[in-house]
Amino acid sequence: PSAAPCTIRAMKCPACRSRMFVMEYDDLELDLCPSCEGVWFDAEELYLLFDGCDEVTDEAIAALPDADSTEKRRRCPRCRRSLRKVNIGPRRRVLIDACPEEHGVFFDRGEVADLARELVPAANTPPARLLSFLGEAFRCDDAANETETP
């Protein structure tokens, strides 16, 4: 008997429903939307990108209260449940969509860079891994330029 054909279902963007593509970066496989430039982080990928920052673990995000938001509710691309709106970061200024089953989180365009600015104290340089990712994935040249010295 022959093996059943393997079918790979492309993930749809929670924001605009466009087909997302996978970007391999270091040890991560992130899902990026070419239309709205949103990004989906599967469970624990955000934690890995931010070099083990406890503030962005799946458990820490799950413990945050739902945010007051007028944004349309979105669905998890993994389980199709309604995503929670939560504010993350030290000052809780970055609004993201989080799966209630902890399958992952979705960032709209620019929100990963916003979170990076919040998590990295002004006196320190963001990890090279994070700056490289932001520059490659989101063309965030301003994130890299902030750390250059004249």
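Our subject is the structure listed above.
What you are looking at is a predicted structure, and each value in this text was computed from that prediction instead of being measured. (Residues numbered from 1 in each chain as written. Predicted model: local features only at pLDDT ≥ 70, side-chain atom pairs only at ≥ 80, totals over all residues. Heavy atoms only, no water.)

### Side note on the overall build of the protein chain
Within the protein chain, the secondary structure is distributed over five helices and six strands. The linear arrangement of helices and strands in the protein chain, starting from the amino end, is β-β-β-α-α-β-β-β-α-α-α. Out of the 150 residues in the protein chain, the part that is buried amounts to 41%. Here the analysis covers contacts within the protein chain between residues at least 6 apart in sequence; of these, 44% occur between residues at least 24 apart. When the accessible surface of the protein chain is totalled, it reaches about 8700 Å², and 47% of it is carbon and sulfur. (Helix = DSSP H or I, 4+ residues; strand = E, 2+ residues; numbered from the N terminus. Buried < 20%, exposed > 50% of the residue type's maximum accessible area, 1.4 Å probe, protein only. Contact = heavy atoms within 4.5 Å. Areas by Shrake-Rupley, 256 points an atom, 1.4 Å probe, with all protein chains shown as cover.)

### Regarding the pairing of strand E3 (residues 39–42)
Relative to E3, strand E2 (residues 28–32) runs antiparallel, the two being bridged by two bridges. If you follow Leu32 over to E3, its bridge partner there is Val39. By the bridge criterion, four bridges tie E3 to strand E6 (residues 104–107) in an arrangement that is antiparallel. Within E6, the position partnered with Asp42 by the bridge is Gly104. (Pairing = 2+ DSSP bridges.)

### A short note on the sheet that holds strand E5 (residues 94–98)
Judged by pairing direction, the sheet is antiparallel, and its six strands sit side by side in the order E1-E2-E3-E6-E5-E4 without closing on themselves. Looking at strand neighbours, the two that pair on one side only are strand E1 (21–25) and strand E4 (84–88), the edges of this open sheet. In this sheet, neighbouring strand axes are inclined to one another by 35° on average, regardless of whether the strands run parallel or antiparallel. The pairing of E1 with E2 spans five bridges and is antiparallel. Of the residues in E2, the one forming a bridge with Met23 is Leu30. The strands touched by helix H3 (residues 111–119) are E3, E4, E5 and E6; relative to E5, the strand with the most contacts, the crossing angle is about 120°. (Axes fitted to C-alpha atoms, helices over the stretch in contact; angles between N-to-C directions.)

### Here's the deal with the side chain of Lys85
Relative to the assigned elements, Lys85 resides in strand E4. Polar side-chain contacts of Lys85 include one of 2.7 Å to the side chain of Asp97. (Polar contact = N/O pair within 3.5 Å; in protein donor to acceptor, adjacent residues only side chain to side chain.)

### Side note on the packing of aromatic side chains
Across all of its chains, the model carries one aromatic pair by this definition. With 5.4 Å between their ring centres and 70° between their planes, Phe41 and Phe107 make a pair best called edge-to-face. Placement of Phe41 in strand E3 and of Phe107 in strand E6 is noted, with a sequence separation of 66 residues between them. An identical accessibility class is assigned to Phe41 and Phe107; each is buried. (Phe/Tyr/Trp six-rings, centres within 6.5 Å; stacked < 30°, edge-to-face > 60°.)

### Structural notes on empty space enclosed by the protein
Over the atoms rolls a probe the size of a water molecule, and its path tells where empty space is left. In the structure shown here, the tally under the stated rule is two cavities of 30 Å³ or more. Approximately 50 Å³ is the volume found for the largest cavity. Along its surface, the largest cavity is lined by Asp58, Ile61, Ala62, Arg84, Ala98, Cys99, Glu102, Gly104 and Val105. Looking at the lining of the largest cavity, the elements with two or more residues in it are helix H2 (58–63) and E6. (1 Å grid on protein atoms, 1.4 Å probe; cavity = no way out; pocket = protein on both sides within 12 Å on 5 of 7 lines; lining within 4 Å. Points joined across faces, edges and corners; volume = space filled by probe spheres on them.)

### Structural notes on unusual backbone geometry
Despite not being glycine, Arg17 shows a phi value in the positive range, around 70°. Counting through the fold element by element, Arg17 comes out in the segment before E1.

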